Amino acid sequence: PPATPSLTVATVAFAGQSAELSDAAKADLNRVAKNLSGVRQIEVRAYASGSDPAETRKIALARALVVRSYLIDQNVKTRIEISGASGGGERVDIMTSGN
């Protein structure tokens with residue numbers, strides 16, 4: 001069967017040049033964690049903006065890791081893939097697929 005397209009289930013905003021979770025971000029992640037039962041895999045896709053591509057990629061990956069760690073701390077057992085990219089804003093998208 002054809003692959004089901006990815007669905008963004010949450011977008012977590014970050015302050016510029018920061019990988020620290022705000023209280024609002026934690027609330028969003030708590031909601032996401034409660035709704036992941038039955039989902040086999042999610043992707044945490046992180047973005048960061050800035051003038052130095054190496055630095056923005058480092059920040060994006062730090063954001064992905066902090067979101068992943070927070071979800072694991074919330075007892076999420078789903079497989080979590082992470083990726084980071086420069087550009088695209090100051091956010092992390094949490095995505096699921098139907099597979």
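As the structure is a prediction and not an experimental result, all values here were calculated from the model.

A. Representation of unusual backbone geometry within the structure. The phi dihedral of Gln17 falls on the positive side, at around 60°, and the residue is not glycine. Positive phi outside glycine occurs at Asn75, with the angle close to 70°. Residue position: Asn75 is located in the loop between α2 (53-73) and β3 (79-96). Its relative accessible area of 52% is what places Asn75 among the exposed residues.

B. Looking closely at the pattern of salt bridges. All told, the structure shown has five salt bridges when counted by the stated rule. Across the pair Arg63 and Glu90 runs a salt bridge whose closest N-O atoms are separated by 2.7 Å. One end of the pair, Arg63, is in helix α2; the other, Glu90, is in strand β3, and 27 residues separate them in sequence. According to the relative accessible area criterion, Arg63 is buried, its value standing at 0%. Asp93 is paired through a salt bridge with Arg91; the nearest N and O atoms lie 3.1 Å apart. The exposure class of Asp93 is buried, given its relative accessible area of 7%.

C. Structural view of the packing of aromatic side chains. Per the stated rule, a full pass over the model turns up zero aromatic pairs. A cation over a ring is seen here: Arg91 above Tyr47, with NZ or CZ 4.1 Å from the ring centre.

D. Just the nonpolar core, in detail. Core analysis: the biggest nonpolar cluster contains 23 residues, and Val12, Leu21, Leu29, Val67, Leu71 and Ile94 have the highest contact counts within it. Those elements that place two or more of their residues in this core are β1 (7-13), α1 (23-34), β2 (41-48), α2 and β3. With six residues, α2 is the single largest residue contributor to this core. Those residues within four positions of Leu29 in sequence are excluded, and the remaining contacts are Val12, Leu21, Val67, Tyr70, Leu71 and Ile94.

E. Geometry of the packing of α1 against α2. Packing of α1 against α2 leaves a shortest axis separation of 10 Å and a crossing angle of 55°. In terms of axis orientation, α1 runs oblique to α2. Crossing geometry of α1 relative to α2 is assigned as right-handed. Contacts from Lys26, Leu29, Asn30 and Ala33 of α1 reach α2 at Val67, Tyr70 and Leu71. Here the contact of α1 with α2 is built from residues that sort into five nonpolar, one polar and one charged.

Each value, and the rule that gives it
Residues numbered from 1 in each chain as written. Predicted model: local features only at pLDDT ≥ 70, side-chain atom pairs only at ≥ 80, totals over all residues. Heavy atoms only, no water. Helix = DSSP H or I, 4+ residues; strand = E, 2+ residues; numbered from the N terminus. Buried < 20%, exposed > 50% of the residue type's maximum accessible area, 1.4 Å probe, protein only. Salt bridge = Lys/Arg side-chain N within 4 Å of Asp/Glu carboxyl O. Phe/Tyr/Trp six-rings, centres within 6.5 Å; stacked < 30°, edge-to-face > 60°. Lys NZ or Arg CZ within 6 Å of the ring centre and 35° of its normal. Core = buried A, V, L, I, M, F, W, Y, C linked by side-chain atoms within 4.5 Å. Contact = heavy atoms within 4.5 Å. Axes fitted to C-alpha atoms, helices over the stretch in contact; angles between N-to-C directions. Parallel < 35°, antiparallel > 145°, perpendicular 65-115°, else oblique. Left-handed = near helix turned anticlockwise from the far one by under 90°. Nonpolar A, V, L, I, M, F, W, Y, C, P; charged D, E, K, R; others polar.

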